[in-house]
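Residue-level listing of the chains:
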Amino acid sequence: MDATQSTPVTSNISVRRGDPLVVMKDVDKHYGELHVLRDINAVVNRGEVVVVIGPSGSGKSTLCRVINRLETIDSGLITIDGQPLPAEGRALAHLRADVGMVFQAFNLFAHKTVLENVTLGPIKVRGLSKVAAEKKALLLLERVGVADQAKKMPAQLSGGQQQRVAIARALAMEPKLILLDEPTSALDPEMINEVLEVMVDLANDGMTMIVVTHEMGFARKAANRVIFMAEGEIVEEATPEQFFTNPQSTRAKDFLSKILAH
């Protein structure tokens, strides 16, 4: 029996914090002539919150998408929990179940209720009964503050509510990791905090998260580590305290001077 099997789990989140969960080695990715990821080497440990920041077009969203294999890589290796990313088929479906993804545009199923959106994955992929899935979904919707919206359709909800449903949907699969790709950038300013509060709670609970965001307050408050990207490269990695008070690279200093001046 390996360590994965013998480790007790106290909740939906494994208690084995600190060992590598996502490992990226020499990862390269092109879109035609555009070199969007250049020699990426990074490790995200279990229970860690890593915030990825950088200017537009620096490869942040692509980084998220290759970890979930929504995009393929040209060369290099990505492993999750020690396993290389599968190319296709059932193994890829299992990977997607273990790696939750929350998008900028919510991506809820418009023709299904909030409750149906959250129960669909656990029933279809995890094999839960409808009763068990609904019980679990209602607890998660309560956790993110939208349990009273369970019977509504997504179009009846505010953007902030829809994004909180999207987070509940990701959590319903009991993922090892959640990728959040600019989860607040499509929201009105007054709705951003309600989503960030949910994300801070998840971070405090020990959920492993990779978050692409422009919200520097969240990075300061919830991140264990900041990765700064520019032109497809990881330019700098540091704790939030180090990065925001004493950035090492010229590009990071320039980026921070522009965004923190506003």
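Just above, that's the structure.
Nothing here was measured: the structure is a model prediction, and the numbers come from that model.

## Considerations on the overall build of the chain
So, step 1. Broken down by element type, the chain carries ten helices and ten strands.
So, step 2. Overall, the chain is about 55 × 50 × 40 Å in size when its C-alpha atoms are taken along their principal axes.
So, step 3. Looking at the chain residue by residue over its 262 residues, the buried ones come to 51%.
So, step 4. Pairs at least 24 apart in sequence give 67% of the contacts found in the chain among residues at least 6 apart.
So, step 5. Carbon and sulfur atoms make up 50% of the accessible area of the chain, which totals about 12,700 Å².
So, step 6. Taking the 29 positively charged and 32 negatively charged side chains of the chain as two groups, their mean positions are separated by 6 Å.

## Concerning the sheet that holds strand 5 (residues 83-84)
Hydrogen bonds along the backbone pair up the strands of a sheet, which may run parallel or antiparallel.
So, step 1. Taken together, the four strands give an open sheet; going across it, the order is 2-1-4-5, and neighbouring strands pair in antiparallel fashion. A single partner strand is all that each edge strand has here, and the edge strands are strand 2 (34-45) and strand 5.
So, step 2. Of the pairings in the sheet, the one linking strand 1 (residues 20-31) to strand 2 comprises eight bridges and is antiparallel in character. Bridging from a neighbouring strand, V23 pairs with V43 of strand 2.

## Observations regarding helix 10 (residues 250-259)
So, step 1. When helix 10 is considered as a whole, its buried residues turn out to be A252, F255 and L256. The buried residues of helix 10 occupy an angular sector of 95° when the element is viewed end-on, so they sit on one face. Among the exposed residues of helix 10, those pointing more than 90 degrees away from its buried face are T250 and K258.
So, step 2. Of the surrounding secondary structure, the elements contacted by the buried residues of helix 10 are strand 3 (49-53), helix 8 (216-222), strand 9 (225-230), strand 10 (233-238) and helix 9 (240-245).

## Notes on the layout of surface pockets
So, step 1. In this structure, the largest pocket spans a volume of roughly 500 Å³.
So, step 2. Contributing to the lining of the largest pocket are 22 residues, with R96, M101, G121, R169 and M173 lying nearest its centre.
So, step 3. In terms of residue count, the dominant contributor to the lining of the largest pocket is helix 4 (residues 114-124) (six residues).
So, step 4. The class makeup of the residues in the lining of the largest pocket is 14 nonpolar, five polar and three charged.

Thresholds applied
Residues numbered from 1 in each chain as written. Predicted model: local features only at pLDDT ≥ 70, side-chain atom pairs only at ≥ 80, totals over all residues. Heavy atoms only, no water. Helix = DSSP H or I, 4+ residues; strand = E, 2+ residues; numbered from the N terminus. Buried < 20%, exposed > 50% of the residue type's maximum accessible area, 1.4 Å probe, protein only. Contact = heavy atoms within 4.5 Å. Areas by Shrake-Rupley, 256 points an atom, 1.4 Å probe, with all protein chains shown as cover. Lys, Arg positive; Asp, Glu negative; His and termini not counted. Charge placed at Lys NZ, Arg CZ, Asp CG, Glu CD. Pairing = 2+ DSSP bridges. Arc of directions from axis to C-beta. 1 Å grid on protein atoms, 1.4 Å probe; cavity = no way out; pocket = protein on both sides within 12 Å on 5 of 7 lines; lining within 4 Å. Points joined across faces, edges and corners; volume = space filled by probe spheres on them. Nonpolar A, V, L, I, M, F, W, Y, C, P; charged D, E, K, R; others polar.

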